[in-house]
Amino acid sequence: MVRYNLFDGLRGLLAAWVVAQHILQFSGFRGGEYGPIVRLLTSGGIAVQVFVILSGFVITHLLIETRPAYLPYITRRFFRLFPVYLLCLALGLLTFQLPVEIADMLPTQDWGTFPKLVEISNATQANFSVHLALHLPMLHGIAPDEILPSSSVGFLPPAWSISLEWQFYLLAPLLLYLAMKNAVTRAVLAVVIVLFIQLSPKLGTWFPGGFLGQHLHLFTIGGLSVVLTKTYGDDEKRRVGAAILAMAIVFLLAPGLGSKLPYLSYVIWLAVLGVALINSANRNSPAGFALWLLQSKPILWLGKVSFSTYLIHWPIMLVCQYQLLRYLEISQPGTMLALLVCTSLPLVYIASWLSYRTLEAPGIRAGRFLASMLHGPRRTLHMLNLSLIHI
């Protein structure tokens, strides 16, 4: 199966973006008040949207290339997520009430996002057992917020997207089957996606983010992107990639950050997809430089530990901030930021590396081994007759 290493580098940068958002918010910074750079860095939701699109691409590519039976497929996906998730959930259980204590030590009541974090902590404590019952199978994103407040973000706020990812893993073979079977099933699937897009504002009051329906269009964009890698020859890929990359660059260079933010995740994805299609070794060209950067050793290392980083940074940052406020009187966001960067950031990446070595990589190997033991007819995807001629 073809492997796109630049996407590993992309994961590393996206996880770093999420860490930057949270470290700024913990330090008291809020986007609109501190200029465009802080506003961009505190818009880490864009990074998560790109993660979702990338997941749609990777899983669709995997299913088409390998055509696994469902049980081996979902076994590997489970062991890809669960070991690191379980560790970080345990850390979340130990630290989810720290925002309440931290808020009492902060110089102002409206410091960063702490008013919301306190609300989440209190809502989680009020329904502790229900939250835990949903978090353990990674299904906390399916509970409506109107029924179970803060359901998707209870113990470990970044893990809302892990529930989203798991829901997609569970249904991806069925969604691909519907997309590939015939024109009628494709039309039905398209209507469902459009309906979810139209209903998204209303769904947002019920499902704050962890429900698959709200993000199905992002997974679909990633899945459709696979077509570009399968349909064209090398020369055509380069031409299509150059056109896509040029459009993305024009958009990114245009003035007006605020008006571009809602579309930035799509543009970032198109830019990286364009770089992948061009696949240029010329570092003097924009595509070649981007490819070199995303495949450089430091960025690939960030990508290797990105899943662990994405989850484990939250409890580590909470503990560091709590300890700083216990012993120091900190009244300025800049001071808090400097101290958090110096104390929590090294710990985050050390812990991420240890988590990768001791849990994530062994979990991946265990999933691969168990999947190889699960023999049986490859019914789930064999019946798709996966040829892109049908698209």
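Residues numbered from 1 in each chain as written. Predicted model: local features only at pLDDT ≥ 70, side-chain atom pairs only at ≥ 80, totals over all residues. Heavy atoms only, no water.

So, unusual backbone geometry
Next up, step 1: We note that Arg67 has phi near 45 degrees; this positive angle belongs to a residue other than glycine.
Next up, step 2: Relative to the elements of secondary structure, Arg67 occurs in the loop between α3 (45–66) and α4 (70–95).
Next up, step 3: Classification of Arg67 as partly exposed rests on a relative accessible area of 30%.
Next up, step 4: Phi angles above zero are rare outside glycine, and Asn279 is one such case at about 55 degrees.
Next up, step 5: In this structure, Asn279 sits in the loop between α13 (264–278) and α14 (286–294).
Next up, step 6: The class of Asn279 is exposed, set by a relative accessible area of 55%. (Helix = DSSP H or I, 4+ residues; strand = E, 2+ residues; numbered from the N terminus. Buried < 20%, exposed > 50% of the residue type's maximum accessible area, 1.4 Å probe, protein only.)

A few points about a positive patch on the surface
Next up, step 1: A grouping of Arg76, Lys304, Arg357, Arg365 and Arg368 is seen on the molecular surface, where their side chains present a positively charged patch.
Next up, step 2: The leading source of residues in the positive patch is helix α17 (residues 333–373), at 3 residues.
Next up, step 3: Looking at the secondary structure, you find Arg365 in helix α17. (Patch = residues over 30% accessible without salt bridge, like charges linked within 9 Å, V, L, I, M, F, W, Y side chains within 5 Å. Areas by Shrake-Rupley, 256 points an atom, 1.4 Å probe, with all protein chains shown as cover. Salt bridge = Lys/Arg side-chain N within 4 Å of Asp/Glu carboxyl O. Lys, Arg positive; Asp, Glu negative; His and termini not counted. Charge placed at Lys NZ, Arg CZ, Asp CG, Glu CD.)

Quick notes on the environment of Val194
Next up, step 1: Summarising the element assignment, Val194 is placed in helix α9 (residues 183–206).
Next up, step 2: Judged by relative accessible area, which is 44%, Val194 ranks as partly exposed.
Next up, step 3: For the pair Val194 and His217, spaced 23 residues apart in the sequence, the C-alpha separation amounts to 8.0 Å.

Quick look at the nonpolar core
A general feature of soluble globular proteins is that nonpolar side chains tend to end up buried together.
Next up, step 1: Residues Phe7, Ile162 and Leu311 are the most contacted members of the largest nonpolar core, which totals 101 residues.
Next up, step 2: Among residues more than four places away in sequence, those in contact with Leu311 are Val84, Tyr85, Cys88, Leu156, Pro158, Ala159 and Ile162. (Core = buried A, V, L, I, M, F, W, Y, C linked by side-chain atoms within 4.5 Å. Contact = heavy atoms within 4.5 Å.)

Here we look at the pattern of salt bridges
Next up, step 1: Under the criterion given, the structure shown has 6 salt bridges.
Next up, step 2: Lys116 is the salt-bridge partner of Glu119, the closest N and O atoms lying 3.2 Å from each other. In this pair, Glu119 and Lys116 are both assigned in helix α6 (residues 114–126), 3 residues apart and thus about one turn of the helix distant.
Next up, step 3: Taking relative accessible area as the criterion, Glu119 reaches 45% and is therefore assigned partly exposed.
Next up, step 4: Taking relative accessible area as the criterion, Lys116 reaches 44% and is therefore assigned partly exposed.

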